[in-house]
Amino acid sequence: ALPAWSQAVAVVAVGAALVVLFRAHPSDTLWILGAGAIGFFGARAGALLLGPELGTFAGGMLVGLAGNLYARLLKRPSAVAAVPGIMLLVPGSLGFRSLVALMDDNVVSGIETAFTTTLVAAALVAGLLAANLLLPSRRAL
């Protein structure tokens, strides 16, 4: 097992890689790193308190709130900060495990994992929708 501090280093490294991958403006780097850290650690804390599905909901909501705050303060698209943060929460590895289980003729485990993947993805979307309800990215016209 890795030490606890290695998670923080990994989140910063992934955030920096996403800045390069999405070709973000250098001035947006701190916002992207912050949104990624808020989403990841918010999801971890939510998973400890509420379970993995609701933890993803909490992480998605926090990323959405950070992106909307970014949009309100800097008058730029909220996706600049939110999309890299969401990338840390997408359940891609669960979907891959589901496919591997199905290919290994472990149908029950594969379908169970696929259902969990769908539930986690829906929780992420619900968290983003809740964030838009709590703090819209733009003021009412």
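Just so you know, these numbers come straight off a predicted model, no measurement behind them.

Colleague: Sorry, what's going on with the overall build of the protein chain here?
Modeller: Across its full length, the protein chain carries six helices and zero strands. Counted from the first residue to the last, the protein chain has its helices and strands arranged as α-α-α-α-α-α. Over its C-alpha atoms, taken along the principal directions, the protein chain stretches across nearly 50 × 35 × 30 Å. Sorting the 141 residues of the protein chain into buried and exposed places 33% on the buried side. Nonlocal contacts in the protein chain, meaning residues at least 24 apart in sequence, comprise 67% of its contacts between residues at least 6 apart. If you sum the accessible surface of the protein chain, you get close to 8700 Å²; carbon and sulfur atoms cover 73% of it. Taking the average place of the 8 positive charges on the side chains of the protein chain and the average place of its 5 negative ones, the gap between the two points comes to 26 Å.

Colleague: Sorry if this is basic, but what is going on with unusual backbone geometry here?
Modeller: A negative phi angle is the norm for most residues apart from glycine, just as the trans form is the norm for most peptide bonds. The residue arginine 23 is not glycine, and still its phi comes out positive at about 55°. Here arginine 23 is to be found in the loop between α1 (5-21) and α2 (29-50). Residue classification places arginine 23 among the exposed residues on the basis of a relative accessible area of 75%. At aspartate 105, a position not held by glycine, the phi torsion is positive, near 60°. Inspection of the secondary structure puts aspartate 105 in the loop between α5 (92-103) and α6 (107-134).

Colleague: Mind showing me how you'd approach the packing of α2 against helix α3 (residues 52-74) here?
Modeller: Relative placement of two packed helices is described by the angle separating their axes and the distance separating the axes. For the pair α2 and α3, interaxial distance at closest approach is 7 Å and the crossing angle is 155°. When the interaxial angle is binned, α2 and α3 end up roughly antiparallel. For the crossing formed where α2 meets α3, the hand is right-handed. On α3, the residues that touch Trp31, Ala35, Ile38, Gly39, Gly42, Ala43, Gly46, Ala47 and Leu50 of α2 are Pro52, Leu54, Gly55, Ala58, Gly59, Leu62, Val63, Ala66, Tyr70, Leu73 and Leu74.

Colleague: So what exactly am I meant to see when it comes to the packing of aromatic side chains here?
Modeller: The description of an aromatic ring pair uses the distance of the two centres, along with the angle that the planes make with each other. Per the counting criterion, the structure on display carries two aromatic pairs. Ring centres of tryptophan 31 and tyrosine 70 lie 5.2 Å apart, and the angle between their planes is 70°; on these two criteria the pair is classed as edge-to-face. Of the two residues, tryptophan 31 is situated in helix α2 and tyrosine 70 in helix α3; the sequence distance between them amounts to 39 residues. Arranged with centres 5.1 Å apart and planes meeting at 85°, the rings of phenylalanine 40 and phenylalanine 41 form a pair that is edge-to-face.

Colleague: Teacher, can you tell me more about the layout of surface pockets here?
Modeller: Rolled over the atoms, a probe sized like a water molecule indicates the empty space that remains. Empty space within the largest pocket amounts to approximately 360 Å³. What lines the largest pocket is a set of 16 residues, among which Ala43, Thr56, Leu88, Leu89 and Val120 lie closest to the centre. Taken together, the elements giving at least two residues each to the lining of the largest pocket come down to α2, α3 and α5. Class assignment for the residues of the lining of the largest pocket results in ten nonpolar, four polar and two charged.

Definitions and limits used
Residues numbered from 1 in each chain as written. Predicted model: local features only at pLDDT ≥ 70, side-chain atom pairs only at ≥ 80, totals over all residues. Heavy atoms only, no water. Helix = DSSP H or I, 4+ residues; strand = E, 2+ residues; numbered from the N terminus. Buried < 20%, exposed > 50% of the residue type's maximum accessible area, 1.4 Å probe, protein only. Contact = heavy atoms within 4.5 Å. Areas by Shrake-Rupley, 256 points an atom, 1.4 Å probe, with all protein chains shown as cover. Lys, Arg positive; Asp, Glu negative; His and termini not counted. Charge placed at Lys NZ, Arg CZ, Asp CG, Glu CD. Axes fitted to C-alpha atoms, helices over the stretch in contact; angles between N-to-C directions. Parallel < 35°, antiparallel > 145°, perpendicular 65-115°, else oblique. Left-handed = near helix turned anticlockwise from the far one by under 90°. Phe/Tyr/Trp six-rings, centres within 6.5 Å; stacked < 30°, edge-to-face > 60°. 1 Å grid on protein atoms, 1.4 Å probe; cavity = no way out; pocket = protein on both sides within 12 Å on 5 of 7 lines; lining within 4 Å. Points joined across faces, edges and corners; volume = space filled by probe spheres on them. Nonpolar A, V, L, I, M, F, W, Y, C, P; charged D, E, K, R; others polar.

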